[in-house]
Protein chains: 2
Amino acid sequence: MTYVVKIGGAIVDDESSLNLVLDRCAALDKPFVLVHGGGRVASTLADELGIEQTIVDGRRITNVDTLRIVTMVYAGLINKNIVAKLQARGIQNIGMTGADANLVRAHRRIHPTIDFGFVGDIDEVHVDVLTMLLSNGISVVVAPLTHDGEGGLLNTNADTMAASIAMSLQTKVESDVQLRYLFEHPGVMQDIGNTDSVIPLVHAADVAALTANGIIDTGMLPKITNAVDAARVGIDVRIQHVSALGTISGTHILC
Amino acid sequence: MTYVVKIGGAIVDDESSLNLVLDRCAALDKPFVLVHGGGRVASTLADELGIEQTIVDGRRITNVDTLRIVTMVYAGLINKNIVAKLQARGIQNIGMTGADANLVRAHRRIHPTIDFGFVGDIDEVHVDVLTMLLSNGISVVVAPLTHDGEGGLLNTNADTMAASIAMSLQTKVESDVQLRYLFEHPGVMQDIGNTDSVIPLVHAADVAALTANGIIDTGMLPKITNAVDAARVGIDVRIQHVSALGTISGTHILC
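Residues and elements named next belong to chain B. With mixed pairing, eight strands are arranged side by side in an open sheet as 5-8-2-1-11-13-14-12. In the strand order of this sheet, the two ends are held by strand 5 (93–96) and strand 12 (201–203), each with one partner. When the angles between neighbouring strand axes are averaged without regard to direction, this sheet yields 20 degrees. The pairing of strand 1 (residues 2–7) with strand 11 (residues 177–183) spans six bridges and is classified as parallel. Across the sheet, Thr-2 pairs through a bridge with Val-177, a residue of strand 11. The sheet contacts of helix 4 (residues 64–88) involve strand 1, strand 2 (33–36), strand 5 and strand 8 (139–142), and relative to strand 5 the element is tilted by about 170 degrees.

Okay, here's the thing in structure tokens:
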């Protein structure tokens, strides 16, 4: 069994939430893959540098200045702080991007009207080195950058990175991958104001109706879409509170 | 035989020099360790952010803002661009800091009068994972950051990182490590203005005299000191021009 855990920018940006997740990861007691975002930290640096950021359809338009920022923030600042914090917990681990070990190859997003710049859509996931590391007891921390195979880095959605890596592990290596999307809520909630209203199961067939009535909002939709894709290949996928990693609470996504 | 190659900030900051070195590394045709600096790029970012930099005894005083900068620049921007450029050359490789795989543990520099901040002096090098990667055909690109084992990152001299990793490989794993310090000159020169004046051999015993008469300047001295340390454990150490990697030209350092 291998856990692929995704944490977003809100957790990364909050010291106590981050420490909580890393404690939970350490308690899994087996090597894991931790995929992190970092959009909030990137936006802060962009502000400091006076580089305006534009988000379209939940994706950051990534010109050359913004690519530099996300490379520094995701692969440098966030990734290496997480790696060091896990080492402090006795967890042997290595931080990677999709360029490292050729983990995730991508191409620049093709869109009829919007130029997303250096945003990468995934072509191939190569889990051979990742698998060697995991089987040698080494966890891997993944920053949401990919590469184009021609020396260029690309900015790729972390939810999609997590699902793609999980799916590649599940289909090529083992059949008991556990994908966890962790966030500040206890799961997908019927009523966002009521933490007791977690929906325990969401089937792929429910997604359209839940989106139409606003229970799944535009921010959550890509996560759910990725989760459904992963569930389709037999992965156990759950959307959970940061503190719930290692339990079966939260929202279980089924295909 | 394993090459440990060090390139400094001047090479990293110059696209054509960097490409030349990466071509030469790719032509080695065996897995290598490439340690890079990046001080010039870090200074540029510090300027953009209005964070003043102070260099004492060749070391960057590293307060919390500067630690953030070097983490972003060394482990993010520079390391991942090199990793992607090597992938484009068909070289399977992973980028690491001293925190990754617990490669290099360090402590904050202790000094009677100067507070260097988050500057790390090396305690231990752990080459077990590095060796596993190399023996599986995977080269490793190392950024000059270490960790303190308590979750903190530290800014460590790249020349020293290269020598320490080479020495650990030489003494623990194999006895044919080749350490190469590459820079923009053809070697240690009798007359800096004359490229034909390369000193082919420098013995440890010569260093004091060469320093006294200015042939080894204060910028070069730490490199020579590290080189001599490495030569003492039987490593073949050469200071060479960027284009010379793979040849025996340049200055051979002997203990």
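Residues and elements named next belong to chain A. With mixed pairing, the eight strands of this open sheet are ordered in space as 5-8-2-1-11-13-14-12. Both edges of this open sheet fall to strand 5 (93–96) and strand 12 (201–203), since each of them pairs with a single strand only. Averaged over all pairs of adjacent strands, the angle between their axes in this sheet comes to 20 degrees, without regard to strand direction. Two elements, strand 11 (residues 177–183) and strand 13 (residues 236–241), share six bridges in a ladder whose sense is parallel. Residue Tyr-181 lies in a different strand from strand 13, and its bridge partner there is Ile-239. Along the sheet, helix 4 (residues 64–88) makes contact with strand 1 (2–7), strand 2 (33–36), strand 5 and strand 8 (139–142), crossing strand 5 at roughly 170 degrees. Where helix 5 (residues 128–135) meets the sheet, it contacts strand 1, strand 2, strand 5 and strand 8, and its direction lies at approximately 135 degrees from that of strand 8.

Contact with chain A, which involves 36 residues of that partner, is made by 36 residues of chain B. Taking both sides of the interface into account, the surface hidden between chain A and chain B amounts to around 3,000 Å²; carbon and sulfur atoms contribute 68%. Counting the surface chain A buries against chain B, the share from its top three residues, Arg-68, Met-72 and Lys-80 of chain A, is 18%. If you look at where chain A meets chain B, you find four salt bridges. Its salt-bridge partner being Asp-100 of chain A, residue Lys-80 of chain B comes within 2.9 Å of it at the nearest N-O pair. There are 14 residue pairs in polar contact (both at pLDDT 80 or more) connecting chain A and chain B. Sorting the residues of the side of chain A that touches chain B by element identifies helix 3 (39–49), helix 4, strand 5 and helix 5 of chain A as the ones contributing at least two each.

Rules used throughout
Residues numbered from 1 in each chain as written. Chains lettered and ligands numbered in written order. Predicted model: local features only at pLDDT ≥ 70, side-chain atom pairs only at ≥ 80, totals over all residues. Heavy atoms only, no water. Pairing = 2+ DSSP bridges. Helix = DSSP H or I, 4+ residues; strand = E, 2+ residues; numbered from the N terminus. Axes fitted to C-alpha atoms, helices over the stretch in contact; angles between N-to-C directions. Contact = heavy atoms within 4.5 Å. Buried area = accessible area lost by both parts, 1.4 Å probe. Salt bridge = Lys/Arg side-chain N within 4 Å of Asp/Glu carboxyl O. Polar contact = N/O pair within 3.5 Å; in protein donor to acceptor, adjacent residues only side chain to side chain.

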